[in-house]
Amino acid sequence: GYAVSAVNPSAIRGKLVIPEAVGGVPVVQIYKQGFSGCNNMTGVILPNTVTLIGGRAFSGCASLKRVKLSEALESLVNTEFAECGALTRVEIPEGVTALGNAFTGCTLLRSVSFPSTLVSIWNTSFLRCQNLAELTVAEGNPEFYSEKNCVIRKADQTLVLGGNGSIIPNDVKAIGERAFSDRTGLERLEIPTNVTRIESYAFIRSG
């Protein structure tokens, strides 16, 4: 299949719809840095034929507000949408098993929904995402669940990701590394008595 890239990033304006196929050949990949710096692009729709998004493929797209991801993706770990300062909401599709630092520096990102297939979340996944607030995990996920805008690992009841306005559930036993880092809107947070461990940088640059 084909891998695609922008020829002239400044010429792409408004919503970009990437086709499923070109001349009968499926589009399966977005090139590394392929659409980086498309500052006039406001939205992107990826076809369900795309299985891989290259590193920093859409990074630094200053006006990108909306993204529809391919349902064929298995991971997002390559700073694919880093520094997209206008992005406010992301829905990670079913099928994705690993989430890395795909959205680092998305300063207006507020809402993220995670699929039931997700089994790995890096502690650097949402660095410099100051406005992160709404976090939901689909039912049936074997590793994580969400409660009160917190993402919690089932195996050891560790809170791995929180946001502005999160309330830590009483059954949480630990707060993971960088769980609340960079949440500059965090004004008040009560830590339950069951919490026995707070890992490194859990609250760095928050509040």
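This write-up is about the structure you can find in this document. What you see is a predicted model, and the numbers here were worked out from it, not measured in a lab.

### Focus on the sheet that holds strand S11 (residues 111-114)
- A sheet is described by the order of its strands in space; here 3 strands give the open sequence S9-S11-S13, paired in parallel fashion. The two strands at the open ends of the sheet, each matched to only one other strand, are strand S9 (89-91) and strand S13 (134-137). Strand-to-strand twist across the sheet, computed as the mean angle between neighbouring axes with direction ignored, equals 5°.
- In this sheet, S11 lies alongside S9 in parallel orientation, the contact comprising 3 bridges. Across the sheet, the residue bridging to Glu91 is Ser113, located in S11.

### Section: the pairing of strand S14 (residues 144-147)
- Where S14 and strand S15 (residues 150-153) come together, 4 bridges link them in antiparallel fashion. Bridge pairing in S15 places Glu147 opposite Cys150.
- In textbook terms, the turn of a hairpin is the stretch between consecutive antiparallel strands, and for S14 and S15 this stretch comprises 2 residues, one of which, Lys148, has a positive phi near 55°.

### Points about unusual backbone geometry
- Within the chain, Glu83 stands out as a residue other than glycine whose phi angle is a positive 60°.
- Summarising the element assignment, Glu83 is placed in the loop between strand S8 (75-76) and S9.
- In this model, Asn149 sits at a positive phi of 60°, which is unusual for a non-glycine residue.
- With respect to the helices, strands and loops of the structure, Asn149 is situated in the loop between S14 and S15.

### Comments concerning the packing of aromatic side chains
- Enumeration over the complete set of coordinates arrives at 6 aromatic pairs.
- Their ring planes at 10° and their centres at 5.3 Å tell us that Phe35 and Phe58 sit as a pair that is stacked. Taken as a pair, Phe35 in the loop between strand S4 (25-30) and strand S5 (41-45) and Phe58 in the loop between strand S6 (52-53) and strand S7 (66-68) lie far apart in primary sequence, 23 residues in all.
- For Phe58, a relative accessible area of 0% corresponds to the buried category.
- Seen from their ring centres, Phe114 and Phe126 are 6.3 Å apart, and the 85° between their planes marks the pair as edge-to-face. Highlighted residues: Phe114 in strand S11 and Phe126 in the loop between strand S12 (120-121) and S13, separated in sequence by 12 residues.

### What to know about the sheet that holds S7
- The sheet built from 3 strands is open, its strands ordered S2-S5-S7 with parallel pairing. Every interior strand has two partners, whereas the edge strands, strand S2 (14-17) and S7, have only one. Strand-to-strand, the axes of this sheet are offset by a mean angle of 20°, without reference to chain direction.
- Relative to S7, S5 runs parallel, the two being bridged by 3 bridges. For Gly43, the partnering residue across the bridge sits in S7 and is Arg66.

The rules we used
- Residues numbered from 1 in each chain as written.
- Predicted model: local features only at pLDDT ≥ 70, side-chain atom pairs only at ≥ 80, totals over all residues.
- Heavy atoms only, no water.
- Pairing = 2+ DSSP bridges.
- Helix = DSSP H or I, 4+ residues; strand = E, 2+ residues; numbered from the N terminus.
- Axes fitted to C-alpha atoms, helices over the stretch in contact; angles between N-to-C directions.
- Phe/Tyr/Trp six-rings, centres within 6.5 Å; stacked < 30°, edge-to-face > 60°.
- Buried < 20%, exposed > 50% of the residue type's maximum accessible area, 1.4 Å probe, protein only.

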